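Each chain is listed here by its residues.
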Amino acid sequence: EGAGPQEYTLIKMEALELNGKLAELAGKGRVFLLAATLRPETMYGQTNCWVLPEGNYGAFRGLNDEIWICTQRAALNLSYQERTPVRGQPELLLELTGQDLIGTPVGSPNCPHPHVYVLPLLTILTNKGTGVVTSVPSDSPDDYTALMDLKKKPKLREKYGVKDEWVLPFEVIPIIEIPGFGITAAVKVCEDLKITSQNDTVKLAEAKQQVYLKGFTDGVMIVGPYSGRKVSEVKPVIREEMVADSRAMIYSE
Ligand code: A2H
């Protein structure tokens, strides 16, 4: 944990079907999973979304009659940031586990796919962010490794009830060029460091160190309306656009 508060962008990813336990929310309002990210400009490369299968989540009443899915802890923080109808009292509509969310198709701002699927990530911390993470395998070593794990291991897919079609068609999408790292920096660094699974936590920490700051300081967008512009310049612009469109929120903890 750093010294000061961390400011995240919460990306609102709309659940496009309410299957299994989520069906209990039908007719109660639009349902969004809230993903906490430090890299809102990377949504152009989203291939899926992550939850912790055994994690506890809730569906809470948000603003404008929306329903927001995140951890209880995040819902409480949001309520103190004036982002739920009643301050300090998030209204729980439905208790959920991560497993209940897996396989939900979601639609996200700036994502090139009309929908992507919620998939299991075993290294999610429930005491950080919302417990929901957007997956951008081109630029996040964690996301690249976890997506490759699911693609390469039918037994892992089977264990969490993940259908092939939620994973196999989704390829890494180049979105940012980083001098010295090419157009899919996370792939390069994972190959250079010979990272073989999402449980390679020590090497993954090193991989993140290598690309995370570089992406921000030296990266140049190669897709979208800001193609050719520096990440450091356009990141706040892209974030503000999503917030103005009600497709994202600012959240601190
Ligand atoms: B980032 P910090 Cl492309 N558990 O978003 C594990 N990881 C979590 C999390 C949780 N509860 N909540 C958020 N995160 C991830 C994009 C991204 C991210 C890219 C590159 C780097 C990167 C797409 N995934 O983060 O510990 C989210 O992944 C590198 C640090 O608060 C979030 O931003 O510093 C980041 O970790 C927040 O990490």
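For the structure, check the block above.
Throughout what follows, the structure given in this document is the object of discussion. Nothing here was measured: the structure is a model prediction, and the numbers come from that model.

Before going further, it helps to examine the overall build of the chain. Counting secondary structure elements, the chain contains 7 helices and 12 strands. A compact globule built from 253 residues should have a C-alpha radius of gyration of about 18 Å, and the chain, at 17 Å, falls within 12% of that. With respect to the principal axes defined by its C-alpha atoms, the chain has extents near 50 × 40 × 35 Å. Within the chain, counting contacts between residues at least 6 apart in sequence, those at least 24 apart form 72% of the total. Split by element, the accessible area of the chain, about 11400 Å² in all, is 51% carbon and sulfur. If you average the places of the 27 positive and of the 32 negative side-chain charges in the chain, the two averages end up 2 Å apart.

To continue, consider the site of the ligand. Tyr 8, Thr 37, Leu 125, Lys 128 and Asp 143 are the nearest of the 17 residues found near the ligand. The side chain of Lys 128 places a nitrogen or oxygen atom 2.4 Å from an oxygen atom of the ligand. Contacts to the ligand include Asp 143, whose side-chain N or O atom sits 2.7 Å from a nitrogen atom. Out of a free accessible area of 700 Å², the ligand has 86% covered by protein chains. Every element with two or more residues in the shell around the ligand is listed here: strand 2 (31–37) and strand 9 (133–135).

With that settled, consider the environment of Ser 140. Its place among the elements puts Ser 140 in the loop between strand 9 and helix 3 (141–152). The spatial distance from the C-alpha of Ser 140 to the C-alpha of Ala 23 is 32 Å, given a sequence separation of 117 residues.

Moving on, we come to the pairing of strand 1 (residues 7–15). With 8 of 9 residues buried, strand 1 lies mostly within the body of the structure. Relative to strand 12 (residues 248–252), strand 1 is paired through 5 bridges, and the arrangement is antiparallel. Of the residues in strand 12, the one forming a bridge with Glu 7 is Ser 252. Where strand 1 meets strand 2, 6 bridges bridge the pair, whose relative direction is antiparallel. Each residue of the ladder has a partner; that of Lys 12, found in strand 2, is Leu 34. For strand 1 and strand 7 (residues 105–107), the ladder comprises 2 bridges, and the chain directions are antiparallel.

So, how was this worked out
In every chain, residue numbers begin from 1 and rise along the written sequence. Where local features are concerned, this predicted model is filtered to residues with pLDDT of at least 70; where side-chain atom pairs are given and counted, the filter is 80 or more; whole-chain, interface and lining totals use all residues. Values shown for side chains rest on all heavy atoms present in the structure; no hydrogens or waters enter the calculation. Strands are runs of DSSP state E lasting at least two residues, helices are runs of H or I lasting at least four, and both sets are numbered from the N terminus onward. What the globule rule says is 2.2 Å times the number of residues to the power 0.38, and the radius of gyration is computed from C-alpha atoms. We call two residues in contact when some of their heavy atoms are within 4.5 Å. Only the protein chains shown count as cover for residues, with accessible areas throughout obtained via the Shrake-Rupley method and a probe of 1.4 Å. By the counting rule applied here, Lys and Arg register as positive and Asp and Glu as negative, while His and the ends of each chain are not counted. The location of each charge is read from NZ of Lys, CZ of Arg, CG of Asp or CD of Glu. It suffices for a single heavy atom of a residue to lie within 4 Å of a molecule or strand for the residue to be listed as near it. By the criterion applied in these results, polar contacts are pairs of N or O atoms within 3.5 Å in which, for protein atoms, one can donate a hydrogen and the other can accept it, and in which residues neighboring in sequence qualify only through two side-chain atoms. Partly exposed residues are those whose accessible area sits between 20% and 50% of the maximum for their type, while under 20% is buried and over 50% is exposed, using a 1.4 Å probe and protein chains only. Note: two strands are recorded as paired if DSSP finds a minimum of 2 bridges between them.

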